[in-house]
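# Coordinate inspection notes
For reference, the chains in residue letters:
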Amino acid sequence: MATEETPVFQIQRVYLKDLSLEQPNSPAILLEQEQPNVDIQLGVEANPVAEGIFEIAVTATVQTKIKDKTVFLVEAKQAGIFEIRNIPEDQMGAIVGIACPQIVYPYLRGNVADTITRAGFPPVHLAEINFQAMYEQQQAAAAEAGNTTAQ
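Here's a quick rundown of the structure.

The rules behind each value
- Residues numbered from 1 in each chain as written.
- Predicted model: local features only at pLDDT ≥ 70, side-chain atom pairs only at ≥ 80, totals over all residues.
- Heavy atoms only, no water.
- Core = buried A, V, L, I, M, F, W, Y, C linked by side-chain atoms within 4.5 Å.
- Buried < 20%, exposed > 50% of the residue type's maximum accessible area, 1.4 Å probe, protein only.
- Helix = DSSP H or I, 4+ residues; strand = E, 2+ residues; numbered from the N terminus.
- Contact = heavy atoms within 4.5 Å.
- Phe/Tyr/Trp six-rings, centres within 6.5 Å; stacked < 30°, edge-to-face > 60°.
- Pairing = 2+ DSSP bridges.
- Axes fitted to C-alpha atoms, helices over the stretch in contact; angles between N-to-C directions.

### Considering the nonpolar core
- In this structure, Val-62, Phe-72, Ile-84, Leu-108, Val-112, Ile-116 and Leu-126 are the most contacted members of the largest nonpolar core, which totals 31 residues.
- Elements that contribute at least two residues to this core include exactly β3 (53-66), β4 (69-85), α2 (89-118) and α3 (131-150).
- Once you skip the residues sitting within four places of it in the chain, Leu-126 turns out to touch Ile-40, Ala-60, Val-62, Tyr-105, Leu-108, Arg-109 and Val-112.

### Observations regarding the packing of aromatic side chains
- As enumerated under the stated definition, the model contains 3 aromatic pairs in all.
- Centre to centre, the rings of Phe-9 and Phe-82 are 5.8 Å apart; their planes meet at 20°, and the pair counts as stacked. Of the two residues, Phe-9 sits in strand β1 (residues 8-22) while Phe-82 sits in strand β4, which places them 73 residues apart along the sequence.
- Judged by relative accessible area, Phe-82 falls into the buried class, the value being 0%.

### Concerning unusual backbone geometry
- A cis geometry characterises the amide bond from Ser-26 onward to Pro-27, with omega recorded as 5°.
- Inspection of the secondary structure assignment puts Pro-27 in the loop between β1 and β2 (37-50).
- The phi dihedral of Lys-67 is positive, around 55°, even though this residue is not glycine.
- For Asn-86, which is not a glycine, the phi torsion comes out positive at approximately 60°.
- For Asn-86, the location among the structural elements is in the loop between β4 and α2.
- Its relative accessible area of 36% is what places Asn-86 among the partly exposed residues.

### Concerning the sheet that holds β3
- A sheet is described by the order of its strands in space; here 4 strands give the open sequence β1-β4-β3-β2, paired in antiparallel fashion. Every other strand in the sheet has two partners, leaving β1 and β2 as the edge strands with one partner each. Going from strand to strand, the sheet's axes swing by 15° on average, the running direction of each strand aside.
- Both β1 and β4 contribute to a ladder of 13 bridges, which runs antiparallel. Looking at the pairing, Val-14 lines up with Gly-80 of β4.

So, in structure tokens, the structure goes:
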């Protein structure tokens, strides 16, 4: 009986779900001497797969431009399948929004840097992310949005 209530948190698998690289203005853009601007966007999503099984994905979009022309665009989605059972409901958001992305993110960082290097560019290393701060910001924004719609 006690085993039914024991919390379970296990990584089932970590995998690269999606990866794309575009160099729409090559080779001409490669001859430019100007330093490109780099824009990095990150996102986290969670989807239930089965009872107690969740897919957590971290997405990165890295776009470099010189003036208004794209040098390269990398979009990558790294995912993990996690078994999460018998966790109090009030703790689930933090596990799905903080703990799981922290496990998946280093794999995403490596794949993005490797892809950019293999494309012939100096690697772009994604910065370390404080997923707890990101999660808390999202929670505060959601609470704020809830308060403004209730008025």
